[in-house]
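# Summary of structural features
Now for the letters of each chain:
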Amino acid sequence: MLAFARKAGIEFGSFDFAVDADGRWWFLEVNEEGQFLWLDDLNPRAHMLRKFLAFLTLPPGASREMIESNQSVFPSLQDYVRVPERYRVLPQTHFDPTVSSIEP
């Protein structure tokens, strides 16, 4: 999947698969704007919204560690749904590409 995404120039996508009666996986499509927040409803510890927002706010080529450290700046989906007015304006972050952490 990663090799396909790199070759296709896709930075983010939701990949759809089907599994037939024999257990074979079939690739159906990649949605560049696919839905994923249902995963936070299914497993609140997944924090997909936080991960996605951290990914979007960092420059191309950011390391996994940089994305993970930036997650804490954003609310979880559960927090956002519970108190949306608190998150109308998200905190500003300062990104220094020479370090692998984000300063709020």
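Residues numbered from 1 in each chain as written. Predicted model: local features only at pLDDT ≥ 70, side-chain atom pairs only at ≥ 80, totals over all residues. Heavy atoms only, no water.

## Topic: the pattern of salt bridges
In this structure the tally under the stated criterion is four salt bridges. For the salt bridge of R24 with D20, the shortest nitrogen-to-oxygen distance reads 3.0 Å. Relative accessible area serves as the criterion here: at 46%, R24 is assigned to the partly exposed category. For D20, a relative accessible area of 23% translates into the label partly exposed. R24 is paired through a salt bridge with D22; the nearest N and O atoms lie 3.3 Å apart. Take D22: its relative accessible area is 62%, and that puts it in the exposed class. What emerges from the salt-bridge pattern is a single network uniting D20, D22 and R24. (Salt bridge = Lys/Arg side-chain N within 4 Å of Asp/Glu carboxyl O. Buried < 20%, exposed > 50% of the residue type's maximum accessible area, 1.4 Å probe, protein only.)

## Points about the confidence of the model for the protein chain
Within the protein chain, residue pLDDT values average 79, and 84% of them lie at 70 or more. Mean pLDDT in the protein chain bottoms out at strand β4 (residues 102–103), which sits at 45, and peaks at strand β2 (residues 25–31), which reaches 92. Considering only residues more than four positions removed or in separate chains, one finds that residues 99–104, a stretch of pLDDT under 50, has 16 contacts. (pLDDT = per-residue confidence, 0-100. Helix = DSSP H or I, 4+ residues; strand = E, 2+ residues; numbered from the N terminus. Contact = heavy atoms within 4.5 Å.)

## A closer look at the pairing of β2
Where strand β1 (residues 14–19) meets β2, six bridges bridge the pair, whose relative direction is antiparallel. In the strand pairing of β2, F15 is matched with V30. Here β1 hands over to β2 after five residues, with G23 in that stretch at a positive phi of 85°. (Pairing = 2+ DSSP bridges.)

## Observations regarding the environment of P75
As for its position among the elements, P75 is in the loop between α4 (64–70) and α5 (77–82). Given the relative accessible area of 4%, P75 is considered buried. Residues P75 and H47 lie 28 residues apart in sequence; the distance between their C-alpha atoms is 8.8 Å.

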